[in-house]
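Coordinates in review
Listed below, chain by chain, are the residues.
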Amino acid sequence: MTRKAFFTISAIALFIFGLMALLIPVQYIGAYGSSLDTVGAFVCRYWGSAFLGMAVILWFAREGEAFKLIRGILLGGLVTTATGFLVALADAILGDHNALIWTSVILYAIFAAGFLYFYLKKSN
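Predicted, not measured: the structure shown is a model, and the values here were computed from it.

1. Brief notes about the confidence of the model for the protein chain
Mean pLDDT over the protein chain: 92, with 98% of residues reaching 70 or higher. Across the protein chain, the secondary-structure element scoring lowest on mean pLDDT is helix H4 (residues 66-94), at 92, and the one scoring highest is helix H2 (residues 25-30), at 95.

So, in structure tokens, the structure goes:
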């Protein structure tokens, strides 16, 4: 198997599992015969967010070109931090946490803005 094929297969698998973990965490974990409480569902969504970002990075890295690698890292970082921001925001509003949870929302927002800035910038 080539690196390109391995990265392609990995990216597709991570995308599918990441999307399920992010969007339907209770059902996703339920398929394994386990259950989640509210906190577990949010942790699963954070996990799905990371899987989606990794899927994007591997998808772009499969070609092996330096420019695409950097763009893939930036876009993967943006996907991870933007979806992480949405999960953190929902967690802050709906979860059972103290005010410290808002630091996660702020950090995800800052990092998402940074990844977006460098992704859109003409020269990286």
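2. Quick notes on the packing of H4 against helix H5 (residues 101-120)
A pair of packed helices is characterised by two quantities: the angle between their axes and the separation of those axes. Their axes nearest at 8 Å, the elements H4 and H5 cross at an angle of 155°. Put simply, H4 runs roughly antiparallel to H5. In this structure, the crossing between H4 and H5 has a hand that is left-handed. Along the lines of polarity and charge, the residues of the contact of H4 with H5 split into 21 nonpolar, five polar and two charged.

3. Quick look at the side chain of Asp91
Mapped onto the fold, Asp91 is located in helix H4. Buried charged residue Asp91 carries no salt bridge. Nearest counter-charge: Arg45, at 7.6 Å. Here the side chain of Asp91 touches His97 through a polar contact of 2.7 Å, side chain to side chain. Apart from the residues lying within four places of it in its own chain, the contact partners of Asp91 are Phe42, Tyr46, His97 and Ile101.

4. A short note on the packing of helix H1 (residues 3-23) against helix H3 (residues 38-61)
At a minimum axis distance of 7 Å, the contact between H1 and H3 shows a crossing angle of 155°. Taken together, the axes of H1 and H3 are roughly antiparallel relative to one another. As for the relative orientation of H1 and H3, their crossing is left-handed in sense. In terms of residue class, the contact of H1 with H3 is made up of 18 nonpolar, five polar and two charged.

5. What about the environment of Ala88?
Structurally, Ala88 is set in helix H4. As for Ala88 and Ala50, which are separated by 38 residues in sequence, their C-alpha atoms are 13 Å apart. If sequence neighbours within four positions are ignored, Ala88 has contacts with Tyr46, Ser104, Val105 and Tyr108.

6. So, the nonpolar core
Residues Phe7, Ala11, Leu14, Ala55, Leu58 and Ala61 constitute the largest nonpolar core, which totals six residues. Those elements that place two or more of their residues in this core are H1 and H3. In contact with Ala55, other than residues within four places in its own chain, are Ala11, Leu14 and Phe15.

Definitions and limits used
In every chain, residue numbers begin from 1 and rise along the written sequence. Where totals are concerned, whole chains, interfaces and linings use all residues; where local detail is concerned, this predicted model gives features only for residues with pLDDT of at least 70, and gives and counts side-chain atom pairs only at 80 or more. Processing note: side-chain calculations cover all non-hydrogen atoms of the structure and skip hydrogens and water entirely. Each residue carries a pLDDT score, the predictor's confidence in it, ranging from 0 to 100. Per the convention used, a helix needs a DSSP run of H or I reaching at least four residues, while a strand needs a run of E reaching at least two, with both numbered from the N terminus. Only the stretch in contact is used when a helix axis is fitted, and all axes are lines through C-alpha atoms; the angle between N-to-C directions ranges over 0 to 180 degrees. Oblique is the label for every angle not falling under 35 degrees (roughly parallel), over 145 degrees (roughly antiparallel), or within 65 to 115 degrees (roughly perpendicular). Two helices cross in a left-handed way if the nearer one is turned anticlockwise from the farther one by less than a right angle. They cross in a right-handed way if the turn is clockwise. Throughout, the ten residues Ala, Val, Leu, Ile, Met, Phe, Trp, Tyr, Cys and Pro are labelled nonpolar, Asp, Glu, Lys and Arg are labelled charged, and all others, Gly among them, are labelled polar. Accessibility here uses a 1.4 Å probe with only protein chains present; expressed as a share of the type maximum, an area under 20% marks a residue as buried, one over 50% as exposed, and anything in between as partly exposed. When charges are counted, Lys and Arg contribute as positive and Asp and Glu as negative, whereas His and the chain ends are disregarded. Whenever Lys or Arg places a side-chain nitrogen within 4 Å of a carboxyl oxygen from Asp or Glu, that contact is recorded as a salt bridge. For this analysis, a polar contact is any N or O atom pair within 3.5 Å, provided that within protein one partner can donate a hydrogen and the other can accept it, and provided that sequence-adjacent residues contribute only side-chain to side-chain pairs. When checking whether two residues touch, look at their non-hydrogen atoms; a contact exists if any pair is within 4.5 Å. The nonpolar core is taken to be a set of buried Ala, Val, Leu, Ile, Met, Phe, Trp, Tyr and Cys residues, with the residues joined through side-chain atoms within 4.5 Å.

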